[in-house]
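These are the residues of each chain, in order.
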Amino acid sequence: MAGPPIDELHFAQEPSVDGDVPGPNSRRLLETQEAIDSSAVAYPNNIPLGFDEGKGATLKDVDGNVFLDFFAGIGVYNVGHANPYVNEAVHEQLDKLTHSVDFPTEPRLALIEKLDEIAPGDLQGNNRVVFGGPTGSDAVEASIKLAKYNTGGNGLVAFRNAYHGATSGAMSLTSNKKFKQPYAPLLPDVVHAPFPHPFQEGRSPEESVDRALEEVQSIVEDPYGGLADPAGIFVEPIQGEGGVVVPPEGFLQGLRDVADDNDLPLVFDEIQVGMGRTGEWWGGEHYDVTPDVMTMAKALGGNGLPLSGTLYREDLDTWGPGDHAGTYRGHATAMIGGVRAIEYIQAHDLLDHATEVGDYIRSRLREAAEDDPGLGDVRGKGLFVGAEFVDEDGEPDEDRVSAIQEYCYQHGVLVWTAGQHSNVVRLLPPLVLTQRQAEVGTEIIADAVAATAREHARH
Ligand SMILES: Cc1ncc(COP(=O)(O)O)c(C=O)c1O
């Protein structure tokens with residue numbers, strides 16, 4: 001067996017929070033951080049804690065409080081914090097060789113082979129992987145370059161509500177105007193089509209898919225569609241930052257058809273939903289749709305080590321030596337971390353486990369929604385869960401989500417938010433979360449939902 005069973009990975013099966021949080025040591029770190037760190041720091045504004053140590057699906061803060069981690073370093077720790085099976089190989093590699101640009105190393109080649117083994121559909125046995133910079137945005141940049149290089153085009157089709165990263169090309173694909181506005185102009189020819197979101201649109205899944213696909217088709221095919229020279233279609237198979245938006249059946253297949261009809265690469269951004277997060281290795285597999293190119297990062301480096309990559313169909317491998325580059329394209333330590341993480345997921349059947357535990361969490365939250373019209377929609381796949389909140393008028397209820405997040409960390413569960421209006425509670429715990437931890441954690445979230453509903457009624 002590869003490493004210990006998931007039950008043995010954690011500090012505990014239940015959280016333990018002693019008194020008020022943040023405790024004194026967290027407060028001291030937060031004060032120092034505020035004095036010396038960048039004003040761009042954001043996460044502690046929502047969860048004001050300083051962390052000391054992680055194990056499995058649990059995190060210990062600097063005051064010794066133990067939390068259930070339904071946040072996982074924003075979707076990075078799929079095999080849990082400090083997974084011993086991963087760390088054993090990482091420690092060994094760290095002492096031998098950390099970085100090797102793109103000279104061959106055993107970890108590099110092992111990871112490429114492992115990714116081929118788990119590649120979706122007909123990409124299996126028919127792909128190449130390029131490594132560039134270490135973060136997800138770098139992989140998105142690589143996918144844009146690859147699409148332009150192979151098609152000779154420059155227009156990019158992306159989607160409303162999308163998030164693809166913080167570098168200029170990736171930001172061009174991202175839809176949030178506030179995020180981009182100070183840096184415009186970015187890439188000039190990017191058009192954002194609607195991403196089907198039946199709950200928000202108040203349409204049936206079919207109508208919402210039809211509307212989105214009609215738009216994509218006219219952007220690409222209509223002589224008056226506006227995009228002169230398309231190079232590719234870029235989409236998250238399930239939107240993450242946008243609010244855990246699971247597109248209805250037919251959408252990704254429709255994109256596949258438009259891409260095929262127009263000889264365009266279809267690019268899936270699997271950075272947040274890949275590496276087993278949704279109970280399949282890749283988000284697109286839920287729909288049996290295989291992209292031509294896919295981006296990977298976050299959980300790819302195994303245990304929080306930064307590593308990103310772009311996997312693409314072999315015939316798109318037209319670059320010459322050095323046509324895509326980056327100093328850190330040979331992070332052997334992260335690469336062996338990735339190999340071990342994939343092996344751990346395989347050996348412990350974590351895809352099925354993620355499906356079962358995720359279904360449990362969703363069904364418990366749907367129960368909580370039965371007498372709470374404010375909890376408008378519970379959705380997701382595997383251990384990727386979104387719960388969208390609306391007020392009495394059906395408008396996004398960001399305040400309630402913020403109150404739920406606060407209640408949760410005060411009671412020992414770390415949850416995150418998503419959605420254009422931050423009105424979605426987003427859960428993305430490690431895949432090693434035990435059923436017991438899921439029950440305890442979801443009960444606390446359900447309590448938070450109930451407590452905030454009562455408060456809303458009082459005001
Ligand atoms: C779908 C998606 N693409 C790209 C990125 C950017 O990755 P990174 O923040 O590692 O640059 C993210 C980050 O959250 C993401 O969720």
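Cut-off values and rules
- Residues numbered from 1 in each chain as written.
- Predicted model: local features only at pLDDT ≥ 70, side-chain atom pairs only at ≥ 80, totals over all residues.
- Heavy atoms only, no water.
- Near = heavy atom within 4 Å.
- Polar contact = N/O pair within 3.5 Å; in protein donor to acceptor, adjacent residues only side chain to side chain.
- Areas by Shrake-Rupley, 256 points an atom, 1.4 Å probe, with all protein chains shown as cover.
- Nonpolar A, V, L, I, M, F, W, Y, C, P; charged D, E, K, R; others polar.
- Helix = DSSP H or I, 4+ residues; strand = E, 2+ residues; numbered from the N terminus.
- Pairing = 2+ DSSP bridges.

All residues in the neighbourhood of the ligand are listed as Thr135, Gly136, Ser137, Tyr163, His164, Gly165, Glu236, Glu241, Asp269, Ile271, Gln272 and Lys298. Aspartate 269 places a side-chain nitrogen or oxygen 2.6 Å from a nitrogen atom of the ligand. Its free accessible area being 390 Å², the ligand has 86% of it covered by the protein chains. In the shell around the ligand, the residues fall into two nonpolar, six polar and four charged.

With that settled, the discussion passes to unusual backbone geometry. Omega for the bond connecting valine 21 with proline 22 falls within 30 degrees of zero, at 0°, which places this linkage in the cis form. Its location among the elements puts proline 22 in the segment before helix H1 (24-36). Omega for the peptide link from alanine 184 to proline 185 comes to 0°, which places this bond in the cis form. Inspection of the secondary structure assignment puts proline 185 in the loop between helix H8 (177-180) and strand S6 (190-193). The backbone phi angle of serine 422 is positive, close to 50°, even though this residue is not glycine. Note on placement: serine 422 falls in the loop between strand S14 (416-418) and strand S15 (424-427).

Looking now at the sheet that holds strand S2 (residues 58-61). Read from one edge to the other, the open sheet built from four strands follows the order S1-S2-S3-S13, with strand pairing classed as mixed. In the strand order of this sheet, the two ends are held by strand S1 (51-55) and strand S13 (413-414), each with one partner. The sheet contact formed by strand S3 (residues 66-69) and S13 spans two bridges and is parallel. Considered in S13, the bridge of aspartate 69 is made with leucine 414.

So far we have only geometry, and geometry alone does not tell us how the molecule works.
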